[in-house]
Amino acid sequence: MKVLLIIAVLLASGAGMALQTAAPAPMTEYPIPRLVQQDGRYALLVDGAPYLMLGAQSNNSSDWPATLPEVWPAIEYLHANTLETPIYWEQFEPKEGQFDYSEVDTVLAQARAHHVHLVLLWFGTWKNGSQHYMPEWMKLDPQRYFHVMNKEGEYVDSPSPFATASREADKRAFAALMQHLKEADSERTVLMVQVENETGTWGTVRDYSPEANKLFEGPVPAEVLKAMGKTSATAGANWEQVFGPEAEVYFHAWAVSRYVEQVAASGKAAYPLPLYCNAALRDPLKPETPVTYESGGPTDNVIPIWKAEAPAIDLLAPDIYLAGTAQYLKVLELYHRPNNALFVPETSGSVRSARFFFSALGLQAIGYSPFGLDYTRVPPVMPGEVEASKNAFLDPTAQNYELIGPMMREVARLNYEGKLQATSEMEDEPIQTLHFGGWDAVVSHGVGRKGPAKGNPEPIGRALVAELGENRFLVTGFFCHVDFRPAGTAQQRESGQIVVGTGQIPSAEIDGRWVHRQFLRVEEGEYEDGAFKFLRILNGDQTDYGLPFTSQPEVLRVSLATY
Ligand code: DGJ
């Protein structure tokens, strides 16, 4: 698929002397994927240009030769460009110090054959807060590779972040994985690697082992004080004195992030791919004390501690299974920060959640990846059953990716340049307004040809608008209408009314006169190889009441003027 270019560098070492050949400098045509930032916006550069990961994560036990055949057809059906798939420590290091690369090589080769990129998930010390993926030789030696101890002095089902032997073993294994990728993946099939999976601990807030207790009673490290804005705290104050009821959660986050940093750094030293950690979330809208969520992982309240302690981790990413609209949107906002690129590595692929893909794009997400989208858990279709039912769990994501897939480079580029906005329907808010300089794009959900927007029966509407140039926009979406109104007063801009003024045309009162929108040209087209291909001009019934988007993938390029 890709060609390795070898450039031999010849050096003349002086007149009359033979030409010397320096050691050939192997140079791949393909740069290592990397995360870049500009004015607080991020892009994942793949082959040197912004790339949008349209991902799907397979089920936990799907990365085996026996089950991969049930993964690829789902990825193809989804129009996904990236598969997130686990690498299991127990498979990777069956005997201490002996690494088995066969599974990595299998998934690399199969991904290439299917023209799909990979995000590898290192199921190492932590998997959902437990240590279930540690190899047997570690599980059989719990004294050495010990667990977290709870307040009652019992070992719980979670690895201790103070287990030095576990950490050293994980560092070696993760470095071996990254070193192997460096050697085996000059094609850059792998875009990013997730270090551990949902780190932290369920059921106890922190480790209460004697060693941990001693540290908890000691002074808070300076970098934690700084990260949490507590620089004025009394020198030498301990965790409880500085942080009160939050002290234990912060302490565990500090211990876990320090451990993960060492693992990540050892892998990055071998091969500097972008690395990230995923978080099992807490409810972002109601503080939970006592702690009922997974403590220690990169939940929103401890992001600054993770950022300070784990610089080898490029981004912290939320696994969003929260069903409420307000909660979901709050999480996106919390993980979209000037110092953190938004990436959703796990979420629900349900009909109701699919719209949040657009919300994530509206916050410059570099990727999105619903969980469990392969055929390993799908009941076989019985004779006579409609084949389509087999794909019902894939359809909402497939709809998004079929639309965005062909234009994903354009979407990633426009987002990186700050030209793109996107939104999804909220209950009780049938009209949303996206502000672009001289124009407001007004998105109405659940509107007929005429009449007020009432919202769809289920909140499934979504829209994306990007500024292509002066008075020119790219527009797409599902289950909504989009129209443009000249930007008027602040009150008009926020108004739920799309049509104001005297006519039926979106208008605004500017400098004492009504200014009306007119469509100069509305082009329908499709993206092919990243370029917009014109199909037809829409007019008449197709534009007189705004631009309607249904369940079908449709992309428009719109030129506007006023009169
Ligand atoms: C979140 C985890 O990160 C995934 O590996 C998986 O266990 C899902 N939860 C739920 O199935």
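Residues numbered from 1 in each chain as written. Predicted model: local features only at pLDDT ≥ 70, side-chain atom pairs only at ≥ 80, totals over all residues. Heavy atoms only, no water.

J.: Sorry, what's going on with unusual backbone geometry here?
T.: Leaving glycine aside, a negative phi is the common case for residues, and trans is the common case for peptide bonds. Residues other than glycine seldom take positive phi values, yet H115 does so here, at roughly 55°. Relative to the helices and strands, H115 is located in the loop between α3 (102-113) and β10 (117-127). Here F479, not a glycine, exhibits a phi torsion of approximately 55°, which is positive. Within the fold, F479 resides in the loop between β23 (472-478) and β24 (480-486). (Helix = DSSP H or I, 4+ residues; strand = E, 2+ residues; numbered from the N terminus.)

J.: Just to check I follow, could you spell out the site of the ligand for this structure?
T.: Inspection of the region around the ligand gives N60, K127, N128, N197, E198, N278, D319, Y321, E346 and F371 as its neighbouring residues. Contacts to the ligand include N60, whose side-chain N or O atom sits 3.0 Å from an oxygen atom. For the ligand, an oxygen atom lies 2.9 Å from a polar atom in the side chain of N128. In isolation the ligand has 290 Å² of accessible area, and contact with the protein removes 75% of it. (Near = heavy atom within 4 Å. Polar contact = N/O pair within 3.5 Å; in protein donor to acceptor, adjacent residues only side chain to side chain. Areas by Shrake-Rupley, 256 points an atom, 1.4 Å probe, with all protein chains shown as cover.)

J.: Quick question: what am I supposed to make of the pattern of salt bridges here?
T.: In this structure the tally under the stated criterion is 22 salt bridges. Among the ionic pairs, E417 bridges to K419, the shortest N-O distance being 3.3 Å. On the accessibility criterion, K419 (34% relative accessible area) is partly exposed. What you see here is one network of salt bridges that share partners, running through R352, R355, E427 and E458. (Salt bridge = Lys/Arg side-chain N within 4 Å of Asp/Glu carboxyl O. Buried < 20%, exposed > 50% of the residue type's maximum accessible area, 1.4 Å probe, protein only.)

J.: Explanation requested: the sheet that holds strand β17 (residues 346-347) in the structure shown.
T.: Think of a sheet as strands paired side by side through backbone hydrogen bonds, with each pair either parallel or antiparallel. Spatially, β16-β18-β8-β9-β10-β13-β14-β15-β17 is the arrangement adopted by the 9 strands of the open sheet, whose pairing is parallel. Edge strands, defined here as strands with exactly one partner in the open sheet, are β16 (343-344) and β17. Here β10 pairs with strand β13 (residues 190-197) via 6 bridges, running parallel. When the sheet's bridge partners are listed, L120 is paired in β13 with V193. Packing against the sheet, α3 makes contact with β9 (82-88), β10 and β13, and its axis sits at approximately 155° to β10. (Pairing = 2+ DSSP bridges. Contact = heavy atoms within 4.5 Å. Axes fitted to C-alpha atoms, helices over the stretch in contact; angles between N-to-C directions.)

J.: Please explain the packing of helix α5 (residues 164-184) against helix α9 (residues 247-270) as it appears in this structure.
T.: The axes of two packed helices give the description: the angle between them and the distance between them. At a closest axis distance of 7 Å, the pairing of α5 and α9 adopts a crossing angle of 30°. The angle between the axes of α5 and α9 places the two elements in the roughly parallel class. Seen along the crossing, α5 lies across α9 with a hand that is right-handed. Between α5 and α9, the contacting residues are S166, R167, E168, D170, K171, F174, A175, M178, Q179 and K182 on the first element and Y259, Q262, V263, A264, S266, G267 and A270 on the second. (Parallel < 35°, antiparallel > 145°, perpendicular 65-115°, else oblique. Left-handed = near helix turned anticlockwise from the far one by under 90°.)

J.: Would you mind going over the nonpolar core with me for this structure?
T.: One broad rule of soluble globular proteins: the nonpolar side chains tend to lie buried together. Counting residues in hydrophobic clusters, the biggest one holds 135 residues, and the most contacted among them are L181, W239 and I404. If one sorts the elements of this core by residue count, α9 sits on top with 13 residues. Of the residues that make up this core, three or more belong to each of domain 1 (49-379 + 389-407) and domain 2 (431-562). Core analysis: the second largest hydrophobic core is formed by 20 residues, L434, F436, V465 and L547 among them. (Core = buried A, V, L, I, M, F, W, Y, C linked by side-chain atoms within 4.5 Å. Domains from an automatic or database assignment.)

J.: How should the domain arrangement of the chain be read in this particular structure?
T.: Often, the extent of an interface is quoted as the loss of accessible area on bringing the components together. Domain assignment breaks the chain into domain 1 (49-379 + 389-407) and domain 2 (431-562). Contact residues are listed per partner, giving 14 residues for domain 1 and 18 residues for domain 2. For the pair domain 1 and domain 2, the summed buried area comes to about 1300 Å², and 70% of that belongs to carbon and sulfur atoms. Linking domain 1 with domain 2 are 1 salt bridge. The shortest N-O distance in the salt bridge between R352 and E458 comes to 3.4 Å. Linking domain 1 to domain 2 there are 4 residue pairs in polar contact (both at pLDDT 80 or more). Elements with a minimum of two residues in the side of domain 1 that touches domain 2: α12 (356-361) and α13 (395-404). If you tally residues by element for the side of domain 1 that touches domain 2, the top one is α13, at 6 residues. (Buried area = accessible area lost by both parts, 1.4 Å probe.)

J.: Is there a simple way to think about the packing of aromatic side chains in this case?
T.: Here the distance between the centres and the angle between the planes together describe a pair of aromatic rings. Enumeration over the complete set of coordinates arrives at 29 aromatic pairs. On the basis of an interplanar angle of 40° and a centroid distance of 5.5 Å, the ring pair of F251 and W254 is categorised as tilted. With F251 and W254 both in helix α9, this residue pair falls 3 residues apart, about one helical turn. Using a relative accessible area of 0% as the deciding quantity, one classes F251 as buried. Through pairs of rings, three or more aromatic residues link up here, namely F162, F216, W239, F243, Y250, F251 and W254. Positioned above the aromatic ring of Y375 is the side chain of K390, whose terminal nitrogen or guanidinium carbon lies 4.7 Å from the ring centre. (Phe/Tyr/Trp six-rings, centres within 6.5 Å; stacked < 30°, edge-to-face > 60°. Lys NZ or Arg CZ within 6 Å of the ring centre and 35° of its normal.)

J.: Hey, could you run me through the sheet that holds strand β5 (residues 34-38) in this one?
T.: What the 3 strands build is an open sheet, ordered β5-β6-β7; its pairing is antiparallel. Both edges of this open sheet fall to β5 and β7 (49-51), since each of them pairs with a single strand only. Strand after strand, the sheet turns through a mean of 55° between neighbouring axes, direction not considered. Where strand β6 (residues 41-46) and β7 come together, 3 bridges link them in antiparallel fashion. Residue pairing for β7: L45 is matched across the bridge by P50. Packed onto the sheet, helix α14 (residues 408-416) meets β5, β6 and β7 and runs at close to 105° relative to β7.

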